[in-house]
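Secondary and tertiary structure notes
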Amino acid sequence: MSSLSTPGTGGPEPLLLLLDPAARQTDGESVRIAKDVLCGGADVKVAYPESPSELDRMLSHRGRRRPVVIGSDLALQRVLQALHRQRELGADPVGMVPVGRAEELATARALGVPGEPVRAARAVLSGAPRTFDLLVDDGGGVALGGVRITGGGARRPVGRTGGWRSLWAKLAAAEQANALTPDTADHSPRVRVEADGRLLADVHRPVRLVQLTLPGAGRADPAGTGVLEVVVSAQGALVRVRAASVSVVGRGFGYEADGHSVGPVRARTWTVHPGAWGLLLPAA
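Keep in mind that this is a model prediction, so the values were computed, not measured. (Residues numbered from 1 in each chain as written. Predicted model: local features only at pLDDT ≥ 70, side-chain atom pairs only at ≥ 80, totals over all residues. Heavy atoms only, no water.)

A tally of regular secondary structure across the chain gives 7 helices and 15 strands. Of all 284 residues assigned to the chain, the portion counted as buried reaches 46%. If you take every contact in the chain between residues at least 6 apart in sequence, the share linking residues at least 24 apart comes to 73%. In the structure as shown, the chain presents an accessible area of about 13,300 Å², 51% of it carried by carbon and sulfur atoms. (Helix = DSSP H or I, 4+ residues; strand = E, 2+ residues; numbered from the N terminus. Buried < 20%, exposed > 50% of the residue type's maximum accessible area, 1.4 Å probe, protein only. Contact = heavy atoms within 4.5 Å. Areas by Shrake-Rupley, 256 points an atom, 1.4 Å probe, with all protein chains shown as cover.)

Pasting the structure below:
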């Protein structure tokens, strides 16, 4: 069961503060500090959603209040997904105070959200909105940074710590290493991959990796083109293209959206929505 309270003072931009229960367990002190800063500078309603249905209800009844997330990348993703379902994603920029383990905040760092709770809270109160693209799938899911498909027997050549800029070099090195040391039991998925209608891989050749990445962690292209980087790695082949939409079809495959597991599914299409959402960041 959730609780709702209103401990703030009057302010020009009323806020709906959504506290991720996991954040309170991970770092209750940072949560308290951020809440104190926000409540001291705005009219704040504090909510503790404990289920997706409660989150939907709180967002749909927020009135003029701007959503602010205190939690991990996954907490932000869930709020954006709920707003997308309600067709209110672009109505108002959201705020975020990242709280969680380092590996749970990689997307927040890439987006430019301050890691320190006081600075992040101040950005919510006095920062400027920046527009970002969003990756939306035909199952209703969203991704802020990217999607990846790998097989159980495939090696994972890419880690978060190196950043997306080195993706191509890492994939090439991993492909060479895999060719020298082939898998004895390759569980790589057999899928058909199309990018803007162009065939990149088919079921006759197992793929080691399908990677869809929003450049700049989803930062909107100034020209509004709304494209993503697509990398497909198969035995003896490596393809890289840019596209606005990617479709994957197979007998059953799982994938990761922003590092979180989804599936298995038989088919999925991802489409870039340019400038779909706004995030409050420190003013330049």
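Now, onward.
Grouped together as the largest cluster of nonpolar side chains are 28 residues, with contacts concentrated most on Leu-76, Trp-277 and Leu-279. Listing elements by their share of this core, those giving two or more residues are β2 (15–19), α3 (52–60), α4 (73–85), α5 (106–111), β6 (128–137) and β15 (260–281). It is α4 that contributes the most residues to this core, 6 residues altogether. Ignoring anything within four residues of it in the chain, the contact list for Leu-279 reads Pro-93, Val-94, Gly-95, Met-96, Leu-111, Val-113, Ala-128, Pro-129, Arg-130 and Phe-132. With 27 residues, the next largest nonpolar core counts Ala-195, Ala-201, Val-207 and Leu-228 among its residues. (Core = buried A, V, L, I, M, F, W, Y, C linked by side-chain atoms within 4.5 Å.)

The tally for this structure, following the rule as stated, stands at 15 salt bridges. The residue Glu-88 makes a salt bridge to Arg-62 at a minimum N-O spacing of 2.8 Å. Note that Glu-88 is positioned in the loop between α4 and β5 (95–98) and Arg-62 in the loop between α3 and β4 (66–71), a separation of 26 residues in sequence. By relative accessible area, which is 28% here, Glu-88 ends up partly exposed. Classification of Arg-62 by relative accessible area gives buried; the value is 10%. One salt bridge connects Asp-138 with Arg-268, and the closest N-O pair in it is separated by 3.6 Å. Of the two residues, Asp-138 is situated in the loop between β6 and β7 (142–143) and Arg-268 in strand β15; the sequence distance between them amounts to 130 residues. Here the residues in one salt-bridge network are Glu-13, Arg-66 and Asp-92, joined through shared partners. (Salt bridge = Lys/Arg side-chain N within 4 Å of Asp/Glu carboxyl O.)

Moving on to the pairing of strand β12 (residues 228–234). Counted residue by residue, β12 has 7 buried out of 7 residues, so it is predominantly covered. By the alternation rule, side chains of β12 split into Leu-228, Val-230, Val-232 and Ala-234 and Glu-229, Val-231 and Ser-233, which are all buried. Of the pairings in the sheet, the one linking strand β11 (residues 207–213) to β12 comprises 6 bridges and is antiparallel in character. Paired with Leu-212 across the bridge in β12 is Val-230. (Pairing = 2+ DSSP bridges.)

This paragraph deals with the side chain of Asp-137. Tracing the chain through its elements places Asp-137 in strand β6. Of the residues examined, Asp-137 reaches a relative accessible area of 10% and is grouped as buried. A distance of 3.0 Å separates the side chain of Asp-137 from the backbone nitrogen of Gly-140, its partner in a polar contact. Residues contacting Asp-137, with those up to four places away along its chain left out, are Val-142, Tyr-255, Arg-268, Thr-269 and Trp-270. (Polar contact = N/O pair within 3.5 Å; in protein donor to acceptor, adjacent residues only side chain to side chain.)

Another aspect to go through is the pairing of strand β10 (residues 198–201). A regular strand places its side chains so that they alternate between the two faces of the sheet. For strand β9 (residues 191–195) and β10, the ladder comprises 3 bridges, and the chain directions are antiparallel. Counterpart to Glu-194 in the pairing with β10 is Leu-199. Hairpin geometry of β9 and β10 is characterised by an intervening segment of 2 residues between the two adjacent antiparallel strands and by a positive phi of about 50° at Asp-196.

Before going further, it helps to examine α4. Each α-helix winds once per 3.6 residues, and so residues spaced three or four apart point in a common direction. Taking 1.5 Å of rise per residue, the 13 residues of α4 would be expected to cover 18 Å, and the 18 Å separating its terminal C-alpha atoms lies within 8% of that figure. Every buried residue belonging to α4 is among Asp-73, Leu-74, Ala-75, Leu-76, Gln-77, Val-79, Leu-80, Ala-82 and Leu-83, and all of these are buried. Positive backbone phi, at 60°, marks Arg-87, one or two positions downstream of α4. (Expected span 1.5 Å × (residues − 1).)

Among all positions in helix α6 (residues 117–126), only Pro-117, Val-118, Ala-120, Ala-121, Ala-123 and Val-124 are buried. On its buried side, α6 packs onto β2, α2 (28–41), β4, β5 and β15. The N-cap residue of α6 is Glu-116: its side-chain oxygen and the backbone nitrogen of Val-118 are 3.1 Å apart.

Following both chains from N to C, one finds α3 and α4 inclined at 60°, their axes separated by 10 Å at the closest point. As for how α3 packs across α4, the hand of that crossing is right-handed. Facing α3, whose interface residues are Leu-55, Asp-56 and Leu-59, α4 presents Arg-78, Val-79, Ala-82, Leu-83 and Arg-85. Across the contact of α3 with α4, the residue classes tally to 5 nonpolar, no polar and 3 charged. (Axes fitted to C-alpha atoms, helices over the stretch in contact; angles between N-to-C directions. Left-handed = near helix turned anticlockwise from the far one by under 90°. Nonpolar A, V, L, I, M, F, W, Y, C, P; charged D, E, K, R; others polar.)

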